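Geometric and topological summary
Each chain, letter by letter, is given below.
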Amino acid sequence: MADDKEREGPDITVAEFHKKIKDAFEVFDHEANNTVDVREIGTIIRSLGCCPSEGELHDLIAEVEEEEPTGYIRFEKFLPVMTEVLLERRYRPVPEDILLRAFEVLDPSKRGFLLKEELIKYMTEEGEPFSQEEMEEMLSAAIDPESNSVHYKDYIAMMVIDES
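Residues numbered from 1 in each chain as written. Predicted model: local features only at pLDDT ≥ 70, side-chain atom pairs only at ≥ 80, totals over all residues. Heavy atoms only, no water.

**Here's the deal with the UniProt feature "domain: EF-hand" (unreviewed entry) in the chain**
Keep this limit in mind: UniProt positions are given in the numbering used here, feature names are shortened, and annotations may be inferred rather than shown by experiment. The helix count covers DSSP runs of H or I at least four residues long, the strand count covers runs of E at least two residues long, and both are numbered beginning at the N terminus.
Mapped onto this numbering, the UniProt entry annotates "domain: EF-hand" (unreviewed entry) at residues 16–51 and 94–129. Along residues 16–51 one finds 56% helix and 8% strand; the C-alpha atoms at either end are 20 Å apart.

Here is the structure:
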């Protein structure tokens, strides 16, 4: 066990990772049969503090899916792969200062916010575009309903995972 302790830091053991993964998985295991819908895997992975790109997520799903895809992922296949991801600290979230700089690039007049329409345009027309579902998820968390805009410093503070 000493090796495991050294690999992932002083305060988390492999057993604790296993418990976190199982707890996250069980939220979506609606039939309590140790399987989840493949479409839930991204949400489960993100709830564990990982932020894979769509491509990385597809690779991960391919790794845990059955030879003949069933549309479901079994816990026994998911657990070792996800444990390795957490141990290796893969798919870490982008640091707060980099997120802030990215939003500031989209806000050249330094207003401190982006209008909902601007955000939708940037997230669906540039780079690796957000899917409709991802866009709706982001808007529900980011948009201030009163001003119909995202005050990005507040949004970043809410998104950043405290690792201490």
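So much for the structure itself; the text now carries on.
**Side note on the pattern of salt bridges**
How we decide: When a carboxyl oxygen of Asp or Glu is within 4 Å of a side-chain nitrogen of Lys or Arg, the pair counts as a salt bridge. Buried residues are those whose accessible area, probed at 1.4 Å on protein chains only, stays under 20% of the maximum for their type, while exposed residues exceed 50% and partly exposed ones sit between those limits.
Within the structure shown, the criterion is met by 12 salt bridges. A salt bridge links Glu 66 to Arg 74, with the nearest nitrogen and oxygen atoms 2.5 Å apart. Glu 88 serves as the salt-bridge partner of Arg 90, at 2.9 Å between the closest nitrogen and oxygen. Arg 90 gets classed as partly exposed once you look at its relative accessible area, which sits at 24%. For Glu 88, a relative accessible area of 46% corresponds to the partly exposed category. Three or more residues joined by partner-sharing salt bridges are found here, namely Glu 66, Arg 74 and Glu 76.

**Side note on helix α4 (residues 54–64)**
The cut-off we apply is this: By construction, the arc corresponds to the directions joining the helix axis to the C-beta atoms. Contact between two residues is taken to exist if any of their heavy atoms lie within 4.5 Å; hydrogens are not considered.
Where α4 is concerned, the buried positions are Leu 57, Leu 60, Ile 61 and Val 64. The buried residues of α4 occupy one face: seen down the axis, they fall within an arc of 100°. Exposed and oriented more than 90 degrees from the buried face of α4 are His 58, Asp 59 and Ala 62. Residues of α4 that are buried make contact with α3 (41–47), β2 (72–74) and α5 (75–87).

**What to know about unusual backbone geometry**
Notably, Ala 32 is not glycine yet its phi reads approximately 50°, a positive angle. Structurally, the position occupied by Ala 32 is in the loop between α2 (14–28) and β1 (35–37). The backbone of Lys 110 sits at a positive phi, close to 55°, despite the residue not being glycine. Mapped onto the elements of the fold, Lys 110 is located in the loop between α6 (96–106) and β3 (114–115). Since its relative accessible area comes to 58%, Lys 110 is described here as exposed.

**With respect to the nonpolar core**
As a reminder, the rule being used: Here, nonpolar core refers to any group of buried Ala, Val, Leu, Ile, Met, Phe, Trp, Tyr and Cys residues whose side-chain atoms link them within 4.5 Å.
Formed by 27 residues in total, the largest nonpolar core has its most connected members in Ile 21, Ile 41, Ile 44, Ile 45, Phe 78 and Met 82. Of all the secondary-structure elements, those providing two or more residues to this core are α2, α3, α4 and α5. With eight residues, the single largest contributor to this core is α5. Discounting residues that sit within four places of it in the chain, Met 82 has contacts with Ile 21, Ile 45, Leu 48 and Cys 50. Membership of the second largest hydrophobic core comes to 14 residues, among which are Leu 114, Met 138, Ala 142 and Val 150.

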